[in-house]
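Examining the three-dimensional arrangement
Given next are the chains, with one letter for each unit.
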Amino acid sequence: MPVQAAQTATAMAGRAGSGLRVPMGQEVTLPLPFHSILFDGPAHGKVVLERDEPAFFGDLNLDQVLAAITRGRQEYDLGPFFYTPLRSVEAIAYRHAILRDLEDKALSGPIGAFATKMRAMRDHLAQVAKLHYHRQKQSWFVDAVAIYSDAVVGLAGDLSLADLRSSGLCAFRDYLAAYTQSDAFTTLATETHNLKEQLAGIRYCLHIQGNRIKVSRYDSEADYGADVTATFAKFKQGAVKDYRAKFFNLAEMDHVEAGILHSVTQLYSEIFSALEDYCDHHRGYLDRTVAAFDREVQFYIACLEFFARFEPAGLTFCYPQVSGQAKEILGRQVFDVALADKLLRENSPVVCNDFYLKDGERILVVSGPNQGGKTTFARAFGQMHYLASVGCLVPGSQARLSLFDRMFTHFEKGENLKELRGKLEDDLTRIHEVLGQATPSSIVIMNEIFTSTTLQDAVFLGTKVLERIIRLDILCVCVTFVDELASLPATVSMVSGVMPENPAVRTYEIVRRPADGLAYAVAIAEKYRLTYEALRDRVAP
């Protein structure tokens, strides 16, 4: 006996899918001052985003920080935004204002919902590229546009109710309000809604007999499935085993479904002709500004979500005061972000430190015992300044920092046999290159240079390098075993601490005080009975 079943055309063509790029249309021309959520003016169009990781990222462990911040957001390609420092205090303030707005959960929630819908749109478009049958591709495309329209309208409504204070988000709110009222968008939304209603309204019958299927228009035929369900409903007595067959929910139609859909298109040719025209006309539906916002706002969301992970441990991030001129800098409760992220996962404590430079002070000379936190302090100093330069919050409770033009690092390296030069020559070559490129607006971070030579030579070479840095008026951190360098003009001595009762135990605190490496050495010698008096007593007959 033939079996009849009512179906919808959209149910035949649409199934769950998953990422892609869509060809974007021309940006809607609107008389609004919005330019970018990341850059503070039309000049941002001249900014060339860096595609390569800065050379110092590895030395400062900023590569680890960036990987942690952007984890799970690879589709947005956020790296270039972090690789490209800002060049003005105003540009940094522009991002700070947006970050402050986005700290409000009432705003971050709607933007998160918008991002989720935009990701679903891309998933649908990615599925379009994978599907084989033309009509099914069109159905997924219409659904993608519908998701996009809903995302844009929803965000516009949420922003209209939000208490925005940043010029960037206020300008984008105005842009979005005008865009959603433009002829281009309203036409897109209306046509999408009408077409989906037409497709959903299609009804047809399947007459199945043997291996033959006949498709016809639905004409108020009885729904046998509903009749059967109603007949057996009176025998239902509590929960029973479900004997219904399960079908795989595959995105791709099989050849039988494709054949049925082809017959349906013949029955409703006018609707599917409209579908064809719709897909051709709206191929470039995605507004460039909306697409750019969807990507750029992830810079802020990623940062805020990452920084929030440190709050339960009492570690804070703050908005730094950044100056393009003054070099009197300060940091309170500063920590190495990469190390702190690792220690928190291990449930280990994190040590914070303070620093400041005032008046004519320019160089922090950090000395003390090995494995005492000196390199970690230098990294934290560099991380703070770099994160500030891209408009982020920085690790610490308070920060007053200088906007640099370039950052240079010189960290100790092992010998490279391929370069056929010794370690001392390599140190000299690298620091010569740094000093040849640095300007008074640069920052230089040096970690344990000239360790391969004698103390006398290390003092001589280190002095010459720091004297050149002083003449250039450069901000610098110099981690060294040579205490004498802390006595040069414009330098400040900072020392890694040890427990007074047991000098072999490090506190990892870096404090501002005169270098006392000799006193530390004497303490260690006394602990292990290696002083002259102790050795003489031990070898005495």
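So, the sheet that holds strand β5 (residues 321-323)
Taken in spatial order, the four strands of this open sheet run β5-β10-β6-β7, and their pairing is mixed. Looking along the sheet, the strands with just one partner apiece sit at the ends: β5 and β7 (353-356). Across this sheet, the average inter-strand angle for adjacent strands is 20°, counted without regard to direction. As paired elements, β5 and strand β10 (residues 398-402) share three bridges and run parallel to each other.

Quick look at the nonpolar core
Residues Leu102, Tyr148, Leu176, Tyr285, Phe293, Phe355 and Leu364 are the most contacted members of the largest nonpolar core, which totals 130 residues. When residues in this core are grouped by element, the largest group, twelve residues, is from helix α13 (residues 288-308). Every residue in contact with Phe293, bar those within four places of it in the chain, is listed here: Ile37, Ile111, Phe114, Leu155, Leu169 and Phe172.

Some remarks on the pairing of strand β6 (residues 330-334)
If a strand is regular, its side chains alternate between the two faces of the sheet. Direction of pairing for β6 relative to β7: antiparallel, over a ladder of three bridges. What sits directly across from Val334, in β7, is Asn353. Sheet topology places β6 next to β10; three bridges connect them, and they run antiparallel. Across the sheet, the residue bridging to Leu330 is Arg400, located in β10.

Topic: the confidence of the model for the protein chain
In this model, the protein chain carries a mean pLDDT of 87, and residues with pLDDT of at least 70 account for 87%. Contacts from residues 1-22, a stretch scored under 50 in pLDDT, to residues over four places away or in other chains number 68 contacts.

Concerning the environment of Leu86
Residue placement: Leu86 occurs in the loop between α4 (79-83) and α5 (89-102). For Leu86, a relative accessible area of 5% gives the class buried. C-alpha separation for the pair Leu86 and Gly391, spaced 305 residues apart in sequence, amounts to 7.4 Å. Other than its neighbours up to four places away in sequence, Leu86 contacts Phe39, Ala91, Ile92, Arg95, Ser389, Val390, Gly391 and Leu403.

Focus: the pairing of strand β3 (residues 212-217)
Where strand β2 (residues 204-209) and β3 come together, six bridges link them in antiparallel fashion. From the neighbouring strand, Cys205 faces β3, where its bridge partner is Ser216. Hairpin connection between β2 and β3: a loop of two residues separates the two successive antiparallel strands, and Gly210 in this loop has a positive phi of roughly 65°.

Examining a nonpolar patch on the surface
Among the surface-exposed residues, Ile208, Ile213 and Val256 lie close enough to one another that they form a single nonpolar patch of about 210 Å² accessible area. A relative accessible area of 38% places Val256 in the partly exposed class.

The rules behind each value
- Here the residue numbering is sequential within each chain, running from 1 through the sequence in written order.
- Reporting of local features is limited, given that this is a predicted model, to residues whose pLDDT is at least 70; pairs of side-chain atoms are given and counted only at 80 or more, and all residues count toward the totals for whole chains, interfaces and linings.
- Only hydrogens and water are set aside when side-chain values are computed; all heavy atoms of the structure are taken into account.
- Whether two strands pair depends on DSSP finding at least two bridges between them.
- Numbering of helices and strands runs from the N terminus; a helix is a DSSP stretch of H or I covering at least four residues, while a strand is a stretch of E covering at least two.
- Whenever a helix is involved, its axis is fitted only over the stretch in contact; in every case the axis is a line through C-alpha atoms, and angles between N-to-C directions fall within 0 to 180 degrees.
- In these notes, a set of buried Ala, Val, Leu, Ile, Met, Phe, Trp, Tyr and Cys residues joined through side-chain atoms within 4.5 Å is what counts as a nonpolar core.
- The rule is simple: take the accessible area with a 1.4 Å probe, protein chains only, and divide by the maximum for that residue type; under 20% is buried, over 50% is exposed, in between is partly exposed.
- A contact between two residues is defined here by any heavy atoms of the two lying within 4.5 Å.
- Values of pLDDT, ranging from 0 to 100, describe the predictor's confidence in every residue of the model.
- The patch calculation keeps residues exceeding 30% relative accessible area without a salt bridge and links them within 9 Å when they carry like charges or within 5 Å when they are nonpolar (Val, Leu, Ile, Met, Phe, Trp, Tyr).
- Only the protein chains shown count as covering a residue, and every accessible area follows the Shrake-Rupley method with a 1.4 Å probe.
- Salt bridge, as used here, is a side-chain nitrogen of Lys or Arg placed within 4 Å of a carboxyl oxygen of Asp or Glu.

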